[in-house]
Amino acid sequence: MVNNSINTMPVKCKRNLRLSTRNIRKKFISNMDLYFLMIPGLLYLFIFKYLPMYGIVIAFQDFNIISGIAKSEWVGFANFIKLFKSDEFYSVLTNTLLISCYKLLFTFPIPILIAVILNEIRNGMYKKVIQTIIYMPHFLSWVIVSGLFVSILSPTSGLVNMLIKAFGGESIQFMISAKWFRSIVVTSGAWKEAGWGAIVYLAAIAGIDQEIYEAARIDGAGRVKQMIYITLPGLSSTIVLMLILRLGHILDAGTEQILMLYNPIVYDVGDIIGTYVYRMGIGKMEYSFSTAVGLFNSVVGFLLIIAGNWISKKMVNKSIW
Amino acid sequence: MRKLSRNILSMAVMFAIALVMLSGCGKNTAVTSNEKNGKPVLKALINYMREDPNTYPAVKDLEEKTGYIVRYDMLPQDNPEEKLNLIIASNEDYDMIICTNSQKARWAEYARQGALFPLDEWIAQYGENMRNVIKGSSFDLMKIDDKIYGIPTLGAAGGNDVGSFSSMLAVRGDWMDLAGTAQPQTLEEFTNLLQILKDKDFGSNKESNIPLVPSNVAEIVGVIGAFGVPNAWNEVDGALLNRAEDLRYVEYLKYIAHLYEKGLIDREFATNKPATIKEKFTSGKAGMMSLAYYDVASITDALAKNVPNSSIRFLNPPIGKDGMRGIGESPNILDRFTFIPKSSKNPVETMKYIDLKLEQDTFRLLAIGEEGKHYTIEDGQYIPIDPTFYDERSYSNNFLTGQDDEMYPIYWQARVRKDQRIYDAFMYMRDDERSKFIVTNPIRNAPSLQNEKHIQVLNQMLSDFSMKIVVGASSVSEYDNFLKKWREEGGEELTKEVNEWYRINK
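Criteria and thresholds
- Residues numbered from 1 in each chain as written.
- Chains lettered and ligands numbered in written order.
- Predicted model: local features only at pLDDT ≥ 70, side-chain atom pairs only at ≥ 80, totals over all residues.
- Heavy atoms only, no water.
- Helix = DSSP H or I, 4+ residues; strand = E, 2+ residues; numbered from the N terminus.
- Rg over C-alpha atoms; globule rule 2.2 N^0.38 Å.
- Buried < 20%, exposed > 50% of the residue type's maximum accessible area, 1.4 Å probe, protein only.
- Domains from an automatic or database assignment.
- Contact = heavy atoms within 4.5 Å.
- Buried area = accessible area lost by both parts, 1.4 Å probe.
- 1 Å grid on protein atoms, 1.4 Å probe; cavity = no way out; pocket = protein on both sides within 12 Å on 5 of 7 lines; lining within 4 Å.
- Points joined across faces, edges and corners; volume = space filled by probe spheres on them.
- Nonpolar A, V, L, I, M, F, W, Y, C, P; charged D, E, K, R; others polar.
- pLDDT = per-residue confidence, 0-100.
- Pairing = 2+ DSSP bridges.
- Axes fitted to C-alpha atoms, helices over the stretch in contact; angles between N-to-C directions.
- Salt bridge = Lys/Arg side-chain N within 4 Å of Asp/Glu carboxyl O.
- Polar contact = N/O pair within 3.5 Å; in protein donor to acceptor, adjacent residues only side chain to side chain.
- Phe/Tyr/Trp six-rings, centres within 6.5 Å; stacked < 30°, edge-to-face > 60°.
- Lys NZ or Arg CZ within 6 Å of the ring centre and 35° of its normal.
- Left-handed = near helix turned anticlockwise from the far one by under 90°.
- Parallel < 35°, antiparallel > 145°, perpendicular 65-115°, else oblique.

Undergrad: I tried to follow the overall build of chain A on my own but got confused; where do I start?
TA: When helices and strands are counted, chain A shows 17 helices and two strands. Here the C-alpha atoms of chain A give a radius of gyration of 26 Å, more than 25% beyond the 20 Å that 2.2 N^0.38 yields for 321 residues. With the C-alpha coordinates of chain A rotated into their principal frame, the extents come out at 90 × 75 × 35 Å. Put simply, chain A has 321 residues, and 36% of those count as buried.

Shown next as structure tokens:
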């Protein structure tokens, strides 16, 4: 059938087609080494990212650890129905979205700001020292960072509360206060990752042609003008790229972080999908249910990243693919 | 030239890293059997202990005596249940897992799901020593649907029905003397004592002064007895009622919330870890904590280091309304137990090994060591020898896989004397006056129930709810809502099953 249709095609077109397949083969052979270099990467992707996905099926089963995936009972969408019917899920989903949006709103611009400001520092030595210092928290685990924050915010011996009291205020129980918990999550997240996040932007700034700056200076642009009209526009494609990537993680509000920071008193405001899955799956051994929650999380993340890419393609004509 | 040398350097570094990684891999897989006799190396998971189990002297002695090499891993100190769930779910190839009684509900659930080997046949075939020294009634505790899924270790009780508790509230004795008050008798006097500890600030801790640092606000030992709910299940009108459903428990929570509001219990209890609680007491910041007899020595030493001339005194439980008073018992009479997961590669060898450990001389060697080296016998009493006993046998109870039910309570005399202060505290909690405070736990001898699997979740719910009430994040008016959820999560079925058992076995 396929052959047939090709045979009935106009001759010119047919030749073009043959030419292009030959072209592809030629290109393939001439770039053979590059294709071979791709194999380990593809293998990695396949073995560690695609193969484990078979585990998703337990979201549709009543999974029993002993029977395993092969013999567990098939229950269809029962776990998802249970999920959408539970009150807890909606409060968990709201928390996740809120914390994630706060993080996006408050912590996304910080690395950009840091990069732009660092770029303006003339003294190379000073710049490097600052850069190293603000990278450092990224390498600390959340166990340590949460310990730091708990002691800094302690109502009896913490630095912050001592300051509050020195100025005549009442000490605040930060860690068990529903009012403060989300702010602590956002702040500690920003403190830990801001410096590290700036690396990408610094690299992008380094890629901006110096001649543009020179030309602007000759035209009489000051440093602030250069920042606004050259550095920031030069960064825009990187910013959009990072924003789209970030969108895919909107339902991932920082499980590790919150697991370390929260306690039963702030579950109402701090429990997110990740921590909920952890408590259900590991604490209650409800593997199927927690996989269903996780799968829901991934599907929404996937849709968001596709939508984000599409919107940015339409709006600013920039996209990842 | 410079570039070249840098390249060489980086290659050398990478080579070194690769070597380290390879050697790391090798270590794990190198030994699979004992070279001398070909017996397989067994993999065991035990409870948290402070020393490295693999280099512990008692383990070396066992290795020589039985010919089996055993590699030990430990559960973490925080949330051991979660780690245990992960291990079972991922089919890690442990040959035996030794758990304490608090993980019994987990074990029952694993057994019901078919994750564990039933042991009856192997006990009959390879368990000669086992059958001799472990009582049938002890094995009954390890039965689920009439099959044995574990080897019981009853601990000091040794199958005798002796009621006991292991923790009491302890107060800084030197502060009590400074305050010049006697032991509080009533709940009111108890509250007053806390108020004095707060107001007088004997330790000059200012902001960090803590009258009472609770380990679990959901059940502060002694205090909860003053409200008539010392055990998780208490008899009300001939039937058993869980604390969660008992209005007296709500009264208790209101009282603790009141203490919290007045700053009489640690403001930061919600974020405390087990180690922080002890640290707050031993650093001289807290005046009161609940103290187990086996922690007395380490707590006293740590406190004396930070605060010379300090002392610790136990408090009798205060009397509440209508003369309610008492301390509840441990949840069941098991101390710990051993089971074999289906993922084990050498289940039969493991059973043979466990049986070898219960041979009388071997068991004594593990429990208290050698006569003359680790202990002596004076007037029929087993006395530990300082310091070999402490250095080489202090933690050997972590390695017990079953016990000689007759002999262990006798050996226990030496074990509990591993420190005179521990022995004294142990005897103090069992003297005539203290024995009156024991409130028998009505389900202490209950077998594993179908609905036991809900217990962990239910307890977690209750403790979360209690915390919220205490700090004022929830109000008591939400109790009905909580109770409804608690019943739905399995509380109702559990209550029914517990009472069915109780009616027959009371």
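Don't stop here, the text continues.
Undergrad: Is there a simple way to think about the domain arrangement of chain B in this case?
TA: Many descriptions give the size of an interface as the accessible area lost when the pieces come together. Residue and element names in this part refer to chain B. Each assigned domain of chain B is listed with its residue range as follows: domain 1 (42-162 + 332-405) and domain 2 (167-328 + 442-505). Taken over C-alpha atoms, the centre of domain 1 sits 31 Å from the centre of domain 2. Contacts between the two partners involve 18 residues from domain 1, matched on the other side by 13 residues from domain 2. Both sides of the domain 1 and domain 2 interface together cover about 1,300 Å² of buried area, and 39% of this is carbon and sulfur.

Undergrad: Help me understand empty space enclosed by the protein in this model?
TA: A water-sized probe, rolled over the atoms, reveals where empty space remains. Taken as a whole and assessed by the stated rule, the structure comprises four cavities of 30 Å³ or more. Together, A:Val150, A:Leu153, A:Ser154, A:Pro155, A:Gln173, A:Phe174, A:Met175, A:Ile176, B:Arg267, B:Glu268 and B:Thr271 line the largest cavity. Forming the boundary of the second largest cavity are A:Ile66, B:Ile88, B:Asn91, B:Ala115, B:Pro341, B:Lys342 and B:Ser343. In terms of residue class, the lining of the second largest cavity is made up of four nonpolar, two polar and one charged.

Undergrad: Teacher, can you tell me more about helix 16 (residues 273-283) of chain A here?
TA: One full turn of an α-helix is made of 3.6 residues, so residues set three or four places apart face in the same direction. All names here are of chain A. By the criterion of burial, helix 16 is predominantly enclosed, with nine of the eleven residues buried. Buried within helix 16 we find Ile273, Gly274, Thr275, Tyr276, Arg279, Met280, Gly281, Ile282 and Gly283. Backbone geometry just downstream of helix 16 places Met285 in the positive-phi region, at approximately 60°.

Undergrad: Honestly, the layout of surface pockets in this entry has me stumped. Any pointers?
TA: Residues and elements named next belong to chain A. Empty space within the second largest pocket amounts to approximately 900 Å³. In terms of lining, the second largest pocket is formed by 29 residues, of which the most central are Lys103, Thr107, Gly189, Glu193 and Arg246. Listing elements by their share of the lining of the second largest pocket, those giving two or more residues are helix 6 (87-107), helix 7 (109-120), helix 11 (181-206), helix 13 (223-247) and helix 14 (255-261). With ten residues, helix 11 is the largest single contributor of residues to the lining of the second largest pocket. Of the residues in the lining of the second largest pocket, the class split is 15 nonpolar, eight polar and six charged.

Undergrad: Sorry if this is basic, but what is going on with the confidence of the model for chain B here?
TA: Where the model shows low pLDDT, its predicted coordinates should not be examined in detail. For chain B, per-residue confidence averages 88 on the pLDDT scale, and residues scoring 70 or more make up 92% of the total. The low-confidence segment residues 25-29 of chain B (pLDDT under 50) makes zero contacts with residues lying over four places distant or belonging to another chain.

Undergrad: Even after reading the chapter, I still don't get the sheet that holds strand 7 (residues 167-172) of chain B, so can you show me in this structure?
TA: The pairing of strands in a sheet happens through backbone hydrogen bonds and is either parallel or antiparallel. Residues and elements named next belong to chain B. Spatially, four strands are ordered 8-11-7-12 in an open sheet, and the strand pairing comes out mixed. Strands at the two margins of the open sheet, each flanked by one partner only, are strand 8 (210-212) and strand 12 (312-314). Each strand axis lies, on average, 35° off the axis of its neighbour in the sheet, ignoring direction. Pairing of strand 8 with strand 11 (residues 286-292) involves two bridges; the strand directions are parallel. Counterpart to Ile210 in the pairing with strand 11 is Ala286. Sitting on the sheet, helix 9 (residues 187-200) touches strand 7, strand 8 and strand 11, and the angle it makes with strand 11 is about 130°.

Undergrad: Would you mind going over the interface of chain A and chain B with me for this structure?
TA: Counting from both sides, the interface comprises 22 residues of chain A and, opposite them, 27 residues of chain B. Counting the surface lost from both chain A and chain B, the interface buries some 2,300 Å², and carbon and sulfur atoms represent 59% of this. Applying the counting criterion to the chain A and chain B interface returns two salt bridges. A salt bridge links A:Lys165 to B:Glu207, with the nearest nitrogen and oxygen atoms 3.1 Å apart. Our count for the contact surface shared by chain A and chain B stands at six residue pairs in polar contact (both at pLDDT 80 or more). Of the residues forming the side of chain A that touches chain B, the biggest block, three residues, is contributed by helix 16 of chain A. Split into classes, the residues belonging to the side of chain A that touches chain B amount to twelve nonpolar, six polar and four charged.

Undergrad: How do you make sense of the packing of aromatic side chains when you look at a structure like this?
TA: The description of an aromatic ring pair uses the distance of the two centres, along with the angle that the planes make with each other. In this structure the tally under the stated criterion is 43 aromatic pairs over all chains. Relative to A:Phe296, the ring of A:Phe89 has its centre 5.3 Å away and its plane inclined at 75°; by these criteria the two rings are edge-to-face. Placement of A:Phe89 in helix 6 and of A:Phe296 in helix 17 (residues 287-315) is noted, with a sequence separation of 207 residues between them. In this structure A:Phe296 comes out as buried when scored by relative accessible area, which is 17%. Here the aromatic cluster, defined as three or more aromatic residues joined through ring pairs, consists of B:Tyr293, B:Tyr294, B:Phe363, B:Tyr375, B:Tyr382, B:Tyr408, B:Tyr411, B:Trp412 and B:Phe426. Residue placement shows A:Arg279 over the ring face of A:Tyr267; its charged tip is 4.1 Å from the ring centre.

Undergrad: Could you clarify how one ought to interpret the packing of helix 12 (residues 210-218) of chain A against helix 13 of chain A in this entry?
TA: Helix-helix packing is characterised by the crossing angle of the two axes and by the distance between the axes. Residue and element names in this part refer to chain A. Direction vectors running N to C along helix 12 and helix 13 enclose 145°, while the axes themselves pass 11 Å from each other. Here helix 12 and helix 13 pass one another in a crossing that is right-handed. Contacts from Ile212, Tyr213, Ala216 and Arg217 of helix 12 reach helix 13 at Gln226, Ile230 and Thr231. Of the residues belonging to the contact of helix 12 with helix 13, the class tally is four nonpolar, two polar and one charged.

Undergrad: Sorry if this is basic, but what is going on with the pattern of salt bridges here?
TA: Side chains carrying opposite charge are able to pair once their charged atoms draw close together. Within the structure shown, the criterion is met by 26 salt bridges over all chains. Across the pair A:Arg279 and A:Asp271 runs a salt bridge whose closest N-O atoms are separated by 2.9 Å. The pair A:Arg279 / A:Asp271 is uniform in exposure class, with both members buried. A salt bridge links B:Glu251 to B:Lys254, with the shortest nitrogen-to-oxygen separation between them at 3.3 Å. You can see B:Glu251 and its partner B:Lys254 sitting in helix 10 (residues 247-261), three residues apart, about one turn around the helix. Its relative accessible area of 40% is what places B:Lys254 among the partly exposed residues. Salt bridges sharing partners connect three or more residues here, namely B:Lys43, B:Asp93 and B:Lys345.

Undergrad: What should I look at first to understand the sheet that holds strand 2 (residues 70-74) of chain B in this one?
TA: All names here are of chain B. Taken together, five strands build an open sheet; the order of strands is 2-1-3-14-6 and the sheet is mixed. Looking at which strands have only one partner, the edges of the open sheet turn out to be strand 2 and strand 6 (151-153). On average, each strand axis in the sheet is tilted by 20° relative to the strand beside it, whichever way the strands run. Here helix 3 (residues 80-89) sits on the sheet in contact with strand 1 (42-46), strand 3 (96-100) and strand 14 (336-339), set at roughly 160° to strand 3.

Undergrad: What should I look at first to understand the packing of helix 12 (residues 296-306) of chain B against helix 17 (residues 420-429) of chain B in this one?
TA: Residues and elements named next belong to chain B. Where helix 12 contacts helix 17, the axes come no closer than 8 Å and their chain directions differ by 120°. One way to sum up the angle between helix 12 and helix 17 is to call them oblique. The element helix 12 and its partner helix 17 pack so that their crossing is right-handed. Contacts between helix 12 and helix 17 involve Val296, Ala297, Thr300 and Asp301 from the first element and Arg421, Ile422 and Ala425 from the second. Taken together, the residues of the contact of helix 12 with helix 17 sort by class into four nonpolar, one polar and two charged.

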